[in-house]
Amino acid sequence: MRRLLMVLACLAAAGSARAQEPLPATDVTAAQMQAFLNALPRNEINDLPVRVVDVGGYRVGVFGVFRPKDQPGDAIPHETRTSEVYFILDGGGTLVTGGTIVNPKPVPANRSPGPRGEKIEGGVTRHVSKGDLIIIPGRTPHWWSSLDGDINYMIIRPDPAGTMKLK
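Below or above, wherever it landed, is the structure these notes cover.

**Let's talk about the sheet that holds strand 7 (residues 124-129)**
- Pairing is antiparallel in the open sheet, where three strands are placed in the order 7-4-9. Pairing within the sheet leaves two strands with one partner each, and these edge strands are strand 7 and strand 9 (142-147). For this sheet, the mean inter-axis angle between neighbouring strands, taken without regard to orientation, is 30°.
- Relative to strand 7, strand 4 (residues 92-97) is paired through six bridges, and the arrangement is antiparallel. Counted as the bridge partner of T94 is H127 from strand 7.

**Details of helix 2 (residues 30-39)**
- Turning to helix 2, its buried residues are M33, F36 and L37. Burial along helix 2 is one-sided: seen end-on, the buried residues are contained in an arc of 95°. Opposite the packed face of helix 2, turned more than 90 degrees from it, sit the exposed residues A31 and A39.
- Those residues of helix 2 hidden inside the fold are in contact with strand 1 (46-54), strand 2 (59-67), strand 3 (84-90) and strand 10 (151-159).

**A word on the nonpolar core**
- In terms of nonpolar packing, the biggest core is built from 15 residues, with Y86, I88, I134, W144 and Y153 touching the most fellow members.
- Contacts of Y86, omitting those with residues within four sequence positions, involve L95, D132, L133, I134, I136, H142, W144, Y153, M154 and I155.
- M33, F36, L40 and F66 belong to the second largest nonpolar core, which has nine residues in total.

**Observations concerning the side chain of R157**
- In this structure, R157 sits in strand 10.
- A polar atom in the side chain of R157 sits 2.7 Å from the side chain of E84.
- Not counting the four nearest positions on each side in its chain, R157 is found in contact with D47, R59, V60, G61, F63, T82, S83, E84 and M164.

What counts and how
- Residues numbered from 1 in each chain as written.
- Predicted model: local features only at pLDDT ≥ 70, side-chain atom pairs only at ≥ 80, totals over all residues.
- Heavy atoms only, no water.
- Pairing = 2+ DSSP bridges.
- Helix = DSSP H or I, 4+ residues; strand = E, 2+ residues; numbered from the N terminus.
- Axes fitted to C-alpha atoms, helices over the stretch in contact; angles between N-to-C directions.
- Buried < 20%, exposed > 50% of the residue type's maximum accessible area, 1.4 Å probe, protein only.
- Arc of directions from axis to C-beta.
- Contact = heavy atoms within 4.5 Å.
- Core = buried A, V, L, I, M, F, W, Y, C linked by side-chain atoms within 4.5 Å.
- Polar contact = N/O pair within 3.5 Å; in protein donor to acceptor, adjacent residues only side chain to side chain.

What follows is the structure, given as structure tokens:
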């Protein structure tokens, strides 16, 4: 019995040592991000994964977003615990976060689920431009009220539920 306990203890220690081994890093170069964004259609809003990786117990996604100037988009709070980190690569505009979504409407067929509306009242309004970084907690309403021109940005999405498809 004592030997069995020692073997089990050794197996448990070996398993835990393996679980603590570091995972490999994932690179997304500036050239890869630019090529990805350049390949997106220019006549619609695109928010697509560049990479999604398992980081040991949850996933992290890197998304490339293109928004044409004439389509700032709906006010939306993503119905998820997943926060978003926006990093503006090119362009700028007015981003509103928090507050209350006004005049809810159905979700378009090609967009992510969650309530939508025409605008936000009572939120924090700020102008963002190239190089700015904004952290938007999950379920926080957010809305591009206007764009200065076409805008490209990167979104980092940590996914604690691990539901994003690996890419």
